[in-house]
Amino acid sequence: MSMIEVQDLTKEFKVYRTKPGALGSLLSLFSGEHRRIRAVDGISFSVKKGECIGFIGPNGAGKSTTIKMLSGILHPSRGRVSVMGASPQHRRKYVAQNLGIVFGQRTQLWWDLPLRDSYEILRKMYRLEEKAYHRFLHRYHDLLSIGDFLETPVRKLSLGQRMRADLAAALIHDPPILFLDEPTIGLDVMAKESIRSFLREINREEKKTILLTTHDMDDIERLAARVVMINHGRIILDGCLETLRERIGLPSMIEVHYREVPRLARLDRVERVKAEGKNVTVHYDRNRISPPALLAELNRWGEPVDIRTKEPEIEEVIRRLYGEQADPRSKTAPAR
Ligand SMILES: Nc1ncnc2c1ncn2[C@@H]1O[C@H](COP(=O)(O)OP(=O)(O)OP(=O)(O)O)[C@@H](O)[C@H]1O
């Protein structure tokens, strides 16, 4: 079943050319001098039930604008969107019932109230029955430990706690679809991991459909079986992370923490080795050396106490993809 259908979706914004000063701004508004920014430029994709999609791209690529059209906040200039078979613009209530949204940079909770009060307000908004509400509190106490800070005002929560509280809030009405905009931004490694484990759980076990926007490629590696990459409002890649890796020769990274400072030796077939005290990071290409073969080599340097695989920064991914994409189009269309 298709949960989300997007066809030829386009959004243009009218931006007025401003002249300096307050009077200038006012005059520009009346002069009608403007240009159009095509933030989203004819994108099409569909999402099946239970998929987790990494929706990625550089700043200003059009991700937020797309998510706003999918959730009914913005009207498309052209094209079609359907969420659970309905238009988010025309059937906002129905779509809202089926959708949970988390914006990592903002909270939908009431800042000065204890967390429990925010949940009470949301409970009334979604007309949740007593029983369903208690099931919610119980469930998310188990999965996200929200019971530990239910009485704390939201402004006093740590960022990790706030993110868990926001995730639970987005799921209070048990929607089948979740839109997550940077859900791990600013979190430390442990907090990121707990959010990722939770998202994996609800994606795999409960078949929640997830659209995830992130700049953290480790989120993608851990969560998203499919990646949709957008730039200048257009989809430039729709496939799995492996496809992306192969297409642009994306290096894999492995980080090893040794018990003692390691005795480094020459390593063939790897791109880069960075050693700092007891830590070593190796950038390598899986097509040239397999992870087990590399690990066997790294074991010779000393006794590893911790091994982590890492993904490169999203900026690196984009930079590499750009090497291939010779045509970074202009985003502006002439004013009509
Ligand atoms: N309300 C608006 N009015 C005019 N231009 C806008 C508006 N909203 C977004 N834009 C422009 O549309 C383009 C796409 O913006 P959008 O916020 O969708 O990008 P994004 O991929 O979400 O970026 P980021 O990762 O920085 O959040 C940008 O050039 C942005 O300046």
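Residues numbered from 1 in each chain as written. Predicted model: local features only at pLDDT ≥ 70, side-chain atom pairs only at ≥ 80, totals over all residues.

A.B. asks: Just checking my understanding: could you explain the overall build of the chain for this structure?
C.D. replies: Assigned secondary structure in the chain consists of 11 helices and 14 strands. In the chain, the proportion of contacts linking residues at least 24 apart, taken out of those at least 6 apart, comes to 71%. (Helix = DSSP H or I, 4+ residues; strand = E, 2+ residues; numbered from the N terminus. Contact = placed C-beta atoms within 7 Å.)

A.B. asks: Got a minute to help me understand helix α6 (residues 159-170) in this structure?
C.D. replies: Counting along an α-helix, one turn takes 3.6 residues, and residues three or four places apart therefore face a common direction. With 12 residues, α6 should cover 16 Å at 1.5 Å per step; its first-to-last C-alpha distance of 16 Å lies within 8% of that length. Residues of α6 that are buried include every one of R162, M163, R164, A165, D166, L167, A168, A169 and A170, and no others. Among the structural elements, β5 (99-103), α4 (115-125), α5 (130-144), β6 (177-181) and α7 (189-204) are those in contact with the buried residues of α6. (Expected span 1.5 Å × (residues − 1). Buried ≥ 20, exposed ≤ 12 C-beta atoms within 10 Å, placed from the backbone.)

A.B. asks: Can you help me understand the site of the ligand in this one?
C.D. replies: Around the ligand lies a shell of 13 residues, among which F13, A39, N59, S64 and T65 are the nearest. Listing elements by their share of the shell around the ligand, those giving two or more residues are β1 (2-16), β2 (34-48) and α2 (63-70). Among the elements that take part in the shell around the ligand, α2 stands out by supplying 3 residues, more than any other. Across the shell around the ligand, the residue classes tally to 5 nonpolar, 6 polar and 2 charged. (Near = placed C-beta within 6 Å. Nonpolar A, V, L, I, M, F, W, Y, C, P; charged D, E, K, R; others polar.)

A.B. asks: I keep staring at the environment of I318 and nothing clicks. Help me out?
C.D. replies: Tracing the backbone shows I318 in helix α11 (residues 314-324). Linking I318 and N231, residues 87 residues apart in sequence, is a C-alpha distance of 9.1 Å.

A.B. asks: Can you help me understand the sheet that holds strand β11 (residues 270-276) in this one?
C.D. replies: Strand pairing in a sheet takes place through backbone hydrogen bonds and is either antiparallel or parallel in direction. Read from one edge of the open sheet, 4 strands run β11-β12-β10-β13, paired in antiparallel fashion. At either end of the open sheet lies a strand with only one pairing partner, and these are β11 and β13 (304-310). Put simply, the sheet's adjacent strands are angled 15° from each other on average, direction ignored. (Pairing = 2+ DSSP bridges. Axes fitted to C-alpha atoms, helices over the stretch in contact; angles between N-to-C directions.)

A.B. asks: Where do I start with α2 in this structure?
C.D. replies: Every buried residue belonging to α2 is among K63, T65, T66, M69 and L70, and all of these are buried. Relative to the axis of α2, the buried residues are bounded by an arc of 165° and lie together on one face. Just past α2, the residue G72 takes up positive phi, approximately 90°. (Arc of directions from axis to C-beta.)

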